[in-house]
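Chain residues, written in single-letter form:
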Amino acid sequence: MNISYDWLKEYIALNLPPGELAKYFDQIGLMVESTKEIEGDTVYEIETYANRPDTLGHLGVARELATLFGLPLKVPAWQLSELEESTFDLIDIQVLDSQLCPRYCGLVVKGVAVGPSPEWLKKRIEAIGLRPINNIVDISNYVCFSLGQPLHTFDLNRLKEARIIVRRARKGEFIRTLEGQPVELTPDMLVIADDSKPVALAGIIGGEESGITEKTTDVFIESANFDPVSIRLTAKKLGLSTDASYRFERGVDINAAPLGARMAASLLGQFGGKVSRGLLDVYPNQRKPKSVPLRLKRISELLGIEVPEEFVTRTLTALGLKLNEQKPGVWIAEIPSFRVDLEREADLIEEIARFFGYDRIPSEVTPARSFELPDNKEQDCLWLLKETLLHYGLDEVINFSLADPEKEKIWQTGLQPIELRNPISSRTSILRTSLLPGLVENAVWNYNREANGVHIFETGKVYFWEADGQQSEELHLGLLTSGRQEQKSWDQPAGETDYFYLKGAIEDLFFYLGYEAPVFEPEDQSFFENGQSVKILTKNETAGYLGLIKQEIRKAYELEKLAYAGELNLAVLFNRQPRAFVFTPVPRYPGMVRDLSFLIEAQVNFQAIDAQLKKLNVPYLERFEIYDRFEGGSLPAGQISYSVRFFFRHESRTLLAEEVDRAMLNIISHLKSTLKIQLR
Amino acid sequence: MSSLPEKIEQYRQVLNDLAAKTKNIKELEEVKQAFLGRKKGHLTLLFEELKQLPPEEKKAAGVVLNNFKMEVQKTLAELEEQLRRPRAEKTVSDLTLPGKRIYWGAPHPLTLFQRKIEKIFVSMGFSVEDGPEIETDYYNFEALNFPPYHPARDSWDTLYINDQLLLRTHTSPVQIRVMEKKKPPIRIIIPGKVYRRETADPTHLPMFHQVEGLVVDRGITFAHLKGTLEYFIKALFGEKVKLRFRPSFFPFTEPSAEVDIECLACHGQDSQCRVCGGTGWKEILGAGLVDPQVFKNVNIDPEKYSGWAFGLGIDRTAMLAYEIPEMRYFYENDLRFLRQFNRR
């Protein structure tokens, strides 16, 4: 809302130079977004709030400044030069829906010479950022931006039968607005109609066929009040937003209607207009002023500072409230009709705080009577997880949750995506069902910008419909590795990343978070190459998957290099209690090491060997690890050579070589019988 | 024939040459043998020679020879110690070559900044809460005192899923969810993603991050809100940062405030400043005392309890702190951008 310094001076004797006013606007919450000079006037663009329609006119803003500076507010009396004829003889008004139109005021002004506005009026209109049109239109805008009361002016002679009917639109009715386009109306919309058809969309915009033209001489001024919700619904539905609808949506002062009509009629008098006698005022259900109790002690209880009683009464009175003292320090405040926002004691306390000055309220530490025990388990886990992956050399990314349904389709995640009803574009019309599409896009973006390798992760939610129709959002971890690994040494060439890099990261994740090691079971997935993916299980529950991204998907995204990716449902992890950590005594006796090299059929995977060894329960076996594996070369076809190192230890004495040899024989014979190994 | 002192001098030369050449213990043993050998060691022979000298020369020469013996023993002992000291296999030919560094991934700047904020509040006894991103109209608007069809909703332009569900436009619904299940005192922050139906520009995107704070207890005042937020902002931007509280409007707080910090780019000195538009201030958060209607909606008696709340855009605040001109950089995930935040 543009506020003109000169215009304010019509209501208040400002003695501050225009340059110094801005900081006072800020101080009372009328934030100045910009200031500009227009023909010697200073115009402030101020931020107004949805609950303060009274600040959408210069009079309301002047009242705020008058309160702040302790200056009187001057409201002019509007003189009318009257006709013999009464308004009722010149026009017939029927308000058929007083719910949607609680008050309707009007006056007729005859004999107006339509023409350009005088300079002072043009200046006002330009100050608020509008273009001067003619004296009648400009006057109605001038009134609107003075009082915050939108007006509409009709050419009286273009209203059929000089009749105004305020009613709901009929099905199938149309109106051609002042902006020229025909608009189809529905029965939930309020219209201003003449005897035959709608002539204006109530409170939003007038119709072309009843508007002011160069030939107009007799004007009907409408100054009415409309239901905010109805105006908002109609304006939204039709995609129209006007200065009038903007004000009515927020709630125009019910008592500004008669004032607006008189002010406009008086101004039209300057152009030869004579005003009909008697204000037309249809106001069947008169509203009583709101009453709000206020306690002085509550002010200090909420603000944390004692505000002098004299300041409280002076400020609220200057804002137009009437204070009736019930007992010392307790009032009933009568709220003026233009302050639609003041309803509770807290609202009045805000007014006092605003004018007292937020900077005068002290700064104190928020006291605490008790502290809760720390219970941010999920946040702690999440951060530990991120640190582990960062340490692993993966960079963290954050992608939008909004996704492109066409691209998402390629992945066939099997989850029912959630669509937005009013997306910004068709390419962001669903919520993602997987983190992997975003990670692939990140890889492509970076490959197109000089990257040789991309190793990234993201934690964030995926969203989908459950089978029972409930929405679901799950916290996931997505990982992707592609291309050259980070080279950090001048004597070793950087290697290409692989499946085991990512698998290791996942294994470490479980380890560092204190969870039992996961199981990786080969299983195909729609977006991974066949035979090149695994399911990740923790305690028989699927936590995610890992594999090589399918060529078709890489093609669709124009990702040339191979990419390995994985996704984990973190809820599955975070719901589990990590194993409680207690210290284990450091070994006091030396261990013994034995190596075993053997051949095994290629179709037996490592997990099978691992499982057999774990099943065996060998005495004193501390751990074992694979240290070599190869196939091909001189080996018989279909055979793989493994070398495994076994570590033995007794906790309370030194082991004997014979004991360890016996254990090794046991291991060998077990592997021979179950997995048909041949010693090398 | 040279005299005994001359011979000693010659052997001293030999000893020093050998000591410099000796590379291992085996060679050292040979040197030892050569000097100290019982039968043919140089010293043994020299002592034999000493015995042959006339008595008047014997005394002085004896002192010299004994000194030389001690010198030999000392040199060989030092050499042995040096050779037995463990040594690297390889020697470095150019110590100025770069070291071998391990690459750590870069945390996303928003994670980093959120973590900074969390740490400050956790140090003040706040706990971190979380809530759904897909919300109902009730939690996102109605319970927060946004009447249906009120234009106040226009500032929170909403992406809808259907008539009941929407993407939360702020983290404030979690306030309601926490107050519904927990009795005061409440002292929480709520970081998370929020969504608005906004066209992308340098400071607006359809998704961004917020952190919400809420305190509810007996006797909480606006002064507490001011003091805590001032501490927070100074902890984040440094003790010298200037800030101001100015009145504002939010349906769920009363009185409401916005907090501006002085423009870190121009400090109010540039009327054409691109960061603050010449005002000298940048708005960083909205706050206020919890509206009594919000308390009523969660069955907390506003006569017994009061509270304060704030909401801050993490993205925009991080933009100010790191002087990032465009919000979209956070979501492009260009490694050349992200990796700058490795320097935590």
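Our structure is the block above this text.
Keep in mind it's a predicted model, so treat the numbers as computed, not measured. (Residues numbered from 1 in each chain as written. Chains lettered and ligands numbered in written order. Predicted model: local features only at pLDDT ≥ 70, side-chain atom pairs only at ≥ 80, totals over all residues. Heavy atoms only, no water.)

Peer 1: So what exactly am I meant to see when it comes to the overall build of chain A here?
Peer 2: What chain A contains, in helices and strands, is 20 helices and 32 strands. The globule rule puts the C-alpha radius of gyration for 680 residues at 26 Å, and the 40 Å found for chain A is more than 25% above it. Overall, chain A is about 130 × 60 × 50 Å in size when its C-alpha atoms are taken along their principal axes. Here chain A holds 680 residues, and 52% of them are scored as buried. Taking as baseline every contact in chain A between residues at least 6 positions apart, the subset at least 24 positions apart corresponds to 69%. With an accessible surface of roughly 31700 Å², chain A has 50% of that area assigned to carbon and sulfur atoms. Between the averaged position of the 77 positive side-chain charges in chain A and that of its 98 negative side-chain charges there is a distance of 2 Å. (Helix = DSSP H or I, 4+ residues; strand = E, 2+ residues; numbered from the N terminus. Rg over C-alpha atoms; globule rule 2.2 N^0.38 Å. Buried < 20%, exposed > 50% of the residue type's maximum accessible area, 1.4 Å probe, protein only. Contact = heavy atoms within 4.5 Å. Areas by Shrake-Rupley, 256 points an atom, 1.4 Å probe, with all protein chains shown as cover. Lys, Arg positive; Asp, Glu negative; His and termini not counted. Charge placed at Lys NZ, Arg CZ, Asp CG, Glu CD.)

Peer 1: Help me out: how do you make sense of the overall build of chain B in this one?
Peer 2: Regarding its fold elements, chain B presents 12 helices and nine strands. The C-alpha atoms of chain B give 41 Å as radius of gyration, which overshoots the globular expectation for 344 residues (20 Å, by more than 25%). Considering only C-alpha atoms, chain B reaches an extent of 125 × 45 × 45 Å along its principal axes. For chain B, with 344 residues in total, the buried portion stands at 53%. In chain B, 66% of the contacts between residues at least 6 apart in sequence involve partners at least 24 apart. Roughly 17000 Å² of accessible area belongs to chain B as shown, and the carbon and sulfur atoms make up 50% of that amount. Seen as two clouds, the 50 positive and the 47 negative side-chain charges of chain B have centres 8 Å apart.

Peer 1: Got a minute to help me understand the sheet that holds strand β13 (residues 205-206) of chain A in this structure?
Peer 2: The strand order across the open sheet formed by five strands is β5-β8-β11-β12-β13 (chain A), and the pairing between neighbours is mixed. The open sheet has two edge strands with one neighbour each: β5 (92-95) and β13 of chain A. (Pairing = 2+ DSSP bridges.)

Peer 1: Is there a simple way to think about the sheet that holds strand β8 (residues 281-290) of chain B in this case?
Peer 2: Either a parallel or an antiparallel arrangement is found when strands of a sheet pair, and the pairing is made through backbone hydrogen bonds. As summarised here, the arrangement of the seven strands in space is β1-β4-β5-β9-β8-β7-β6 (chain B), forming an open sheet in which the pairing is mixed. The open sheet terminates on both sides in strands that have one partner only, identified here as β1 (127-128) and β6 (243-250) of chain B. Sheet topology note: the strand β4 (residues 186-195) of chain B/strand β5 (residues 207-217) of chain B ladder contains 10 bridges and is antiparallel. Residue pairing in the sheet places Lys 193 of chain B in a bridge with His 209 of chain B of β5 of chain B. Against the sheet, helix α12 (residues 345-356) of chain A engages β6 and β7 (253-262) of chain B, with an angle of about 30° to β7 of chain B. (Axes fitted to C-alpha atoms, helices over the stretch in contact; angles between N-to-C directions.)

Peer 1: Even after reading the chapter, I still don't get helix α10 (residues 296-303) of chain A, so can you show me in this structure?
Peer 2: Residues lying three or four places apart along an α-helix face the same way, a consequence of the helix completing one turn every 3.6 residues. Turning to α10 of chain A, its buried residues number three or more, namely Arg 298, Ile 299, Ser 300, Leu 302 and Leu 303 of chain A. One or two positions beyond α10 of chain A, positive phi appears at Gly 304 of chain A, with a value near 80°.

Peer 1: Quick question: what am I supposed to make of the state of the cysteines here?
Peer 2: Among covalent bonds in proteins, the disulfide is the one between the sulfur atoms of two cysteines. Applying the stated criterion to the full structure yields zero disulfides over all chains. No disulfide involves Cys 101 of chain A; its sulfur sits 9.2 Å from the nearest other cysteine sulfur, which is in Cys 105 of chain A. You can see Cys 266 of chain B has no disulfide; the closest cysteine sulfur is in Cys 276 of chain B, sitting 3.6 Å from it. Residue classification places Cys 266 of chain B among the buried positions, given a relative accessible area of 9%. (Disulfide = S-S within 2.5 Å.)

Peer 1: I'm lost on the nonpolar core in this one. Help?
Peer 2: Generally speaking, nonpolar side chains in soluble globular proteins are found buried as a group. Residues Leu 8, Phe 25 and Leu 480 of chain A together with Phe 232, Ile 233 and Leu 285 of chain B are the most contacted members of the largest nonpolar core, which totals 157 residues. Here the element with the most residues in this core is helix α8 (residues 222-237) of chain B; it accounts for eight residues. When residues no more than four places from it in sequence are discounted, the contact partners of Leu 285 of chain B are Leu 229, Phe 232, Ile 233, Ala 257, Glu 258, Val 259, Phe 310, Gly 311 and Leu 312 of chain B. Ranked by size, the runner-up nonpolar core spans 37 residues in total, among them Tyr 104, Ala 224, Ala 244 and Leu 280 of chain A. (Core = buried A, V, L, I, M, F, W, Y, C linked by side-chain atoms within 4.5 Å.)

Peer 1: Even after reading the chapter, I still don't get the packing of helix α2 (residues 25-36) of chain B against helix α4 (residues 55-84) of chain B, so can you show me in this structure?
Peer 2: All names here are of chain B. Close contact between α2 and α4 brings their axes to 10 Å; oriented N to C, the two are set at 170°. Considering the angle they form, α2 stands roughly antiparallel to α4. Contact residues: α2 offers Ile 25, Leu 28, Val 31, Lys 32, Phe 35 and Leu 36, while α4 offers Phe 68, Val 72, Leu 76, Leu 79, Glu 80, Leu 83 and Arg 84. Of the residues in the contact of α2 with α4, the class split is 10 nonpolar, no polar and three charged. (Parallel < 35°, antiparallel > 145°, perpendicular 65-115°, else oblique. Nonpolar A, V, L, I, M, F, W, Y, C, P; charged D, E, K, R; others polar.)

Peer 1: It is not clear to me how the pairing of strand β2 (residues 32-38) of chain A should be interpreted in this structure. Could you clarify?
Peer 2: On a regular strand, one side chain projects to one face of the sheet and the next to the other, so that they alternate. Residues and elements named next belong to chain A. Bridging between β2 and strand β3 (residues 41-46) involves six bridges; their strand directions are antiparallel. Note on β3: the bridge partner recorded for Thr 35 is Tyr 44. Connecting the antiparallel pair β2 and β3 is a turn made up of two residues, with Glu 39 showing a positive phi of about 45°.

From the geometry alone we can't say anything about function, so treat these as descriptive.
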